Protein chains: 2
Amino acid sequence: MPARTGRPPKISRADIVSAAHRIIDAEGIHGLTMRRLAREVGTTAMALYHHVRDKDELLRLLLDEYAAGIELSDVPGGDPVERVVSAATAMRAALVGSPWIVEVLRADDLLSVHALWFPETIIDGLVGAGLEPEEAVDAYRIIWHYTAGEISARAAAARRRDRGGPTYRGQVFAGLDPDETPRLAALGERWEELTARDTYDKGVRALVRGLVTGP
Amino acid sequence: MPARTGRPPKISRADIVSAAHRIIDAEGIHGLTMRRLAREVGTTAMALYHHVRDKDELLRLLLDEYAAGIELSDVPGGDPVERVVSAATAMRAALVGSPWIVEVLRADDLLSVHALWFPETIIDGLVGAGLEPEEAVDAYRIIWHYTAGEISARAAAARRRDRGGPTYRGQVFAGLDPDETPRLAALGERWEELTARDTYDKGVRALVRGLVTGP
DNA sequence: GTTGTTTTTTATACATGTATAGAAAGTAGC
DNA sequence: GCTACTTTCTATACATGTATAAAAAACAAC
């Protein structure tokens, strides 16, 4: 039945993925290039492309491995709203350490095959709170958009901080007209400080509350 | 006082930005490369780097020009919640046509110098709804994260659709265990259809409602 | 005018993802 | 064993953003 034909492969998808894992652990996501990966596997860059469609697919495979290792935190049984908030917070916690994952996902709001626990739990909680299944899907996607946006913004801010350089905000606040934008002008210097806060929890609570209470 | 010294410049920032604008109009954001831009301006790629720090700065300059041309829609006077929703919707409408802008912004939740009307109006509306200014800033950022996430996901989905190829979702739903994820299994085929819906309005309404009503 | 200084431009180079073409290494039919 | 076919791998090439070094073009001091 196997009856393999053709030149026998020297490397496998699994080899690639585990080598990629090693590189990321040792050098961070930044060190993961196709050529570097090829060297680690002991082949050429283009040979990798016979096993993965492109780098994005490779990242998705990594995500999947990673997701399989996520500790699913226990979610409180009682209030459905609280369950949804907990699950969303756990989802965010799982992703926030590897923001590159969010770049890969984005369109794929389902995360990974091994991370379906998150949408499942959130949707279940939303149905428990009284939403129709279709509405719960909408609500889940809304929560996902918020979560992805927050992680992405957080990662971008961290990158900028690393690279230094003048923030764009400074420029914005320098040329600020108090007549046109009184609220912003009043905030002034405090903007930097205020926008350093972690608002995820606040946001997800408001969002879930707003979603489960009708208009 | 001017007393310019040094080799006289052949090109200016303004030249660069307007040439970039021309390219984007004619060929889309995809056609905007540093070399293509240099050709349009009549110089070399590296010469551009004496006028802009990097491509991101160039994109920010473009955004700023673009923002200056945005029609500020009138926002209803009455209900503060409705004002915030309108302003957020206008912000999203302004950005959704050029999703690359969101990639540039992300960390810079203030948009552009010429688009401060959006945060100003939103924060003002939130204060009008009873929030303290600090809370209103938090709330604005939360709304921004949601908006950026939604646009980003939408753009990624469109890109994927263009390129074709099997969706990751298909793979996810293929190997789905109804015991572990009953809600998702029940949805099954409908996922694709359900997730094609535009949920921005629903989300932003829920979010603002949740934000202005205390916990 | 020669020499130095400053600013801008050019030339060259590199790492990256990935396309394309062809070589290599196996099996199957005869 | 020879030919055809299939799969995998290798070599080469390209476009991209951008670093670095050198050259060019102006002015100022003497």
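Criteria and thresholds
Residues numbered from 1 in each chain as written. Chains lettered and ligands numbered in written order. Predicted model: local features only at pLDDT ≥ 70, side-chain atom pairs only at ≥ 80, totals over all residues. Heavy atoms only, no water. Helix = DSSP H or I, 4+ residues; strand = E, 2+ residues; numbered from the N terminus. Rg over C-alpha atoms; globule rule 2.2 N^0.38 Å. Buried < 20%, exposed > 50% of the residue type's maximum accessible area, 1.4 Å probe, protein only. Near = heavy atom within 4 Å. Polar contact = N/O pair within 3.5 Å; in protein donor to acceptor, adjacent residues only side chain to side chain. Contact = heavy atoms within 4.5 Å. Buried area = accessible area lost by both parts, 1.4 Å probe. Salt bridge = Lys/Arg side-chain N within 4 Å of Asp/Glu carboxyl O. Least-squares fit on C-alpha atoms with pLDDT ≥ 70 in both.

If you look chain A up in an unreviewed UniProt entry, it shows as TetR family transcriptional regulator from Nonomuraea phyllanthi.

(A) Expanded view of the overall build of chain A. Per the secondary structure count, chain A includes 12 helices and zero strands. Taken from the N to the C terminus, the helices and strands of chain A come in the order α-α-α-α-α-α-α-α-α-α-α-α. Rg of the C-alpha trace for chain A: 22 Å, well past the compact-globule value of 17 Å for 215 residues, more than 25% over. Its C-alpha atoms put chain A at 75 × 50 × 25 Å along the principal axes. Buried residues in chain A amount to 48% of all 215 residues.

(B) Quick look at the protein's contact with DNA strand C. Residues in close proximity to DNA strand C total 27 residues, the closest being Lys55 of chain A together with Lys10, Thr43, His50 and His51 of chain B. A breakdown of the atoms of DNA strand C within 4 Å of the protein gives sugar and phosphate a share of 55%. A distance of 2.9 Å separates a base oxygen of DNA strand C from a polar backbone atom of Arg7 of chain B. Within the backbone of Lys10 of chain B, an N or O atom sits 2.5 Å from a phosphate oxygen of DNA strand C. Only helix H2 (34-41) of chain A together with helix H3 (45-48) of chain B provide two or more residues apiece to the surface near DNA strand C.

(C) Looking closely at the interface of chain B and chain A. Taken together, the 68 residues of chain B in the interface contact 68 residues of chain A. Interface area, chain B with chain A, both sides summed: about 6200 Å², of which 59% is carbon and sulfur. Connecting chain B to chain A are eight salt bridges. Between Glu134 of chain B and Arg190 of chain A there is a salt bridge, with the nearest N and O atoms lying 2.9 Å from each other. The tally of links between chain B and chain A comes to 18 residue pairs in polar contact (both at pLDDT 80 or more). Secondary structure elements with two or more residues in the side of chain B that touches chain A: helix H4 (55-68), helix H6 (100-105), helix H7 (117-128), helix H8 (133-163), helix H9 (168-174), helix H10 (182-187), helix H11 (190-194) and helix H12 (200-212) of chain B. With 18 residues, H8 of chain B is the single largest residue contributor to the side of chain B that touches chain A.

(D) Fine view of the environment of Ala155 of chain B. Residue and element names in this part refer to chain B. With respect to the secondary-structure elements, Ala155 resides in helix H8. The exposure class assigned to Ala155 is buried, which follows from its relative accessible area of 12%. In this structure, the C-alpha to C-alpha distance between Ala155 and Arg141, residues 14 residues apart in sequence, is 21 Å.

(E) Quick look at the relation of the copies chain B and chain A. Mapping chain B onto chain A leaves a residual RMSD of 0.1 Å; the transformation is a rotation of 180° accompanied by 0.0 Å of translation along its axis. One copy is carried onto the other by what is essentially a two-fold rotation axis. Both copies share a contact surface, since 100% of the interface residues of chain B are interface residues in chain A too.

(F) Region of the structure containing the pattern of salt bridges. By the definition in use, this model includes 32 salt bridges over all chains. Across the pair Asp198 of chain A and Arg154 of chain A runs a salt bridge whose closest N-O atoms are separated by 3.6 Å. With Asp198 of chain A in the loop between helix H11 (190-194) and helix H12 (200-212) and Arg154 of chain A in helix H8 (residues 133-163), this pair connects stretches of sequence that are 44 residues apart. Arg205 of chain B is the partner of Glu82 of chain B in a salt bridge, and the nearest nitrogen-oxygen pair spans 2.2 Å. Here Glu82 of chain B, found in helix H5 (residues 80-96), pairs with Arg205 of chain B, found in helix H12; they are 123 residues apart in sequence, far enough to count as distant. Bridged by salt links that share partners, the residues Arg22, Glu27, Arg36 and Glu40 of chain A form one connected network.

(G) Layout of the environment of Glu120 of chain A. As for its placement among the helices and strands, Glu120 of chain A is situated in helix H7 (residues 117-128). The class of Glu120 of chain A is buried, set by a relative accessible area of 6%. Each C-alpha atom of the pair Glu120 of chain A and Tyr140 of chain A lies 9.3 Å from the other, and the pair is 20 residues apart in sequence. Apart from residues no more than four positions distant in its own chain, Glu120 of chain A is found in contact with Glu180, Thr181, Pro182, Arg183 and Leu184 of chain B. A polar side-chain atom of Glu120 of chain A sits 2.8 Å from the main-chain amide nitrogen of Arg183 of chain B.

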